[in-house]
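# Working through the structure, step by step
Residues per chain are reported as follows:
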Amino acid sequence: MASLWRLLPGLAGIGLTWAGTALAQTAPVELRYATSAPPKTVWEMQVQRFQKQVEEGSKGSLKINAFLNSQLGSEQDTIAQVARGRIDAGGYSVTAGSLLVPEISLLNIPFLFKDQKEQDCVTDKHLTKITSDLFLKKGVVFISWSEVGVADIIGKKPYLSPDDLKGLKARAQPTKIGGYMWSQFGANPNPLPVTEWNSAFQTGLIDVADSAPTFYFFSGLSKLAPVVTLTQHSDQGGVVLVNKEAFDKLSDDQKKALTGSATTTPAAQLRAEVRGFEAKIREMHKAAGGTIVDLTPEQRAVWRKGIEAAWPKMVAAVGGEANAYWKTIQDGVKACSA
């Protein structure tokens, strides 16, 4: 009997070890997710819904630990970390995504698509596979498209014609194709990060820029450049990405929870939500004393015709597999307009 009592502590220890192992096996996998989504916006709502969908779709075995409002760093910094595996996943603008896959920057070519319907069709039905393949070569799994917002021209006066830009100092995206629109229309492009726009307008470093409504209104930029000309020349999408090594470690059910249409929101719905939110922001801008200037279809056609000649130069500047990506875009345009 005494010897039995001496064995009990050891047996209890083995039991605790087994229990600890069982707990460890059932603990959910967590993916650290970087995003610049600001609080109290449609993007925050979309991220939170994504978290819930993944957790429910995986039956609690996978969780998205989201860091909103650039808590882990800027888009430019964190997307590189996702590729290296230091951060597991993230949601990014096409501009940030082009730091890994330069070819997708072609989607930011000004006036590329006739309208949003054409763009959505080409993106969803023709560009998903080639985009996924390009990201995979960089060690990243493409999960889905998302939506950032449509860019308009902003300044202190309306810009109804490309001729209105001649000689002006313009903020350009810091990408290979960022300055082409401004140069084509006779303006002088100056590549600047978004954090410097306000001071650049205040000091006269720039006269004009282009911006999506969300950043424009909530950053205070709308007070410095209160006139929005609705050129809608670049409707910037987004991409949701996961590091490939992190993705490969997931179970099949967990992968389905991330990528399956049954557990995630369709890109069409994400776009509709963002575009609806932007319409509300424009109304807020007008209510605050700002100006919104509409273009007629004929005026917008003049803008588009004026930039078409520069499209081949933009494709050439991107390099890599840009020609193949461009051909896929053009084939998609033909198919979607048929």
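Below or above, wherever it landed, is the structure these notes cover. (Residues numbered from 1 in each chain as written. Predicted model: local features only at pLDDT ≥ 70, side-chain atom pairs only at ≥ 80, totals over all residues. Heavy atoms only, no water.)

## Quick notes on the nonpolar core
By size, the foremost hydrophobic cluster in this structure holds 52 residues, and its most contacted members are L106, F135, L165, W182, Y325 and I329. Sort the elements by how many residues they give to this core and helix α16 (residues 322–337) lands first, with 5 residues. Apart from the residues within four sequence positions on either side, F135 is in contact with G97, L100, V101, I104, V140, F142, V239 and L241. In terms of nonpolar packing, the next biggest core, distinct from the first, is built from 25 residues, I64, A246, L258 and V274 among them. (Core = buried A, V, L, I, M, F, W, Y, C linked by side-chain atoms within 4.5 Å. Buried < 20%, exposed > 50% of the residue type's maximum accessible area, 1.4 Å probe, protein only. Helix = DSSP H or I, 4+ residues; strand = E, 2+ residues; numbered from the N terminus. Contact = heavy atoms within 4.5 Å.)

## Digging into the environment of D207
Within the secondary structure layout, D207 lies in the loop between α8 (197–203) and β7 (209–211). The class for D207 is partly exposed, based on a relative accessible area of 26%. Here the alpha-carbon distance between D207 and L127, two residues 80 residues apart in the chain, equals 35 Å.

## Considerations on the side chain of Q173
Among the secondary structure elements, Q173 is positioned in the loop between β5 (169–172) and α7 (180–184). Among the residues examined, Q173 registers a relative accessible area of 18% and is labelled buried. Those residues in contact with Q173 that lie beyond four places of it in its chain are T95, N108, G178, P191 and Q236.

## Examining unusual backbone geometry
For K40, which is not a glycine, the phi torsion comes out positive at approximately 60°. Position of K40 relative to the elements: it lies in the loop between β1 (29–34) and α2 (42–57). When its relative accessible area of 79% is taken as the criterion, K40 is described as exposed. At Q232, a position not held by glycine, the phi torsion is positive, near 45°.

## So, the packing of aromatic side chains
Within the structure shown, the criterion is met by 9 aromatic pairs. Ring geometry for F111 and W303: centres 6.2 Å apart, planes at 20°, overall stacked. Of this pair, F111 sits in the loop between α4 (94–97) and α5 (116–126) while W303 is found in helix α14 (residues 297–308), placing the two residues 192 residues apart along the sequence. We classify F111 as buried; its relative accessible area is 0%. Among the aromatic residues, those joined into a ring-pair cluster are F111, F185 and W303. (Phe/Tyr/Trp six-rings, centres within 6.5 Å; stacked < 30°, edge-to-face > 60°.)

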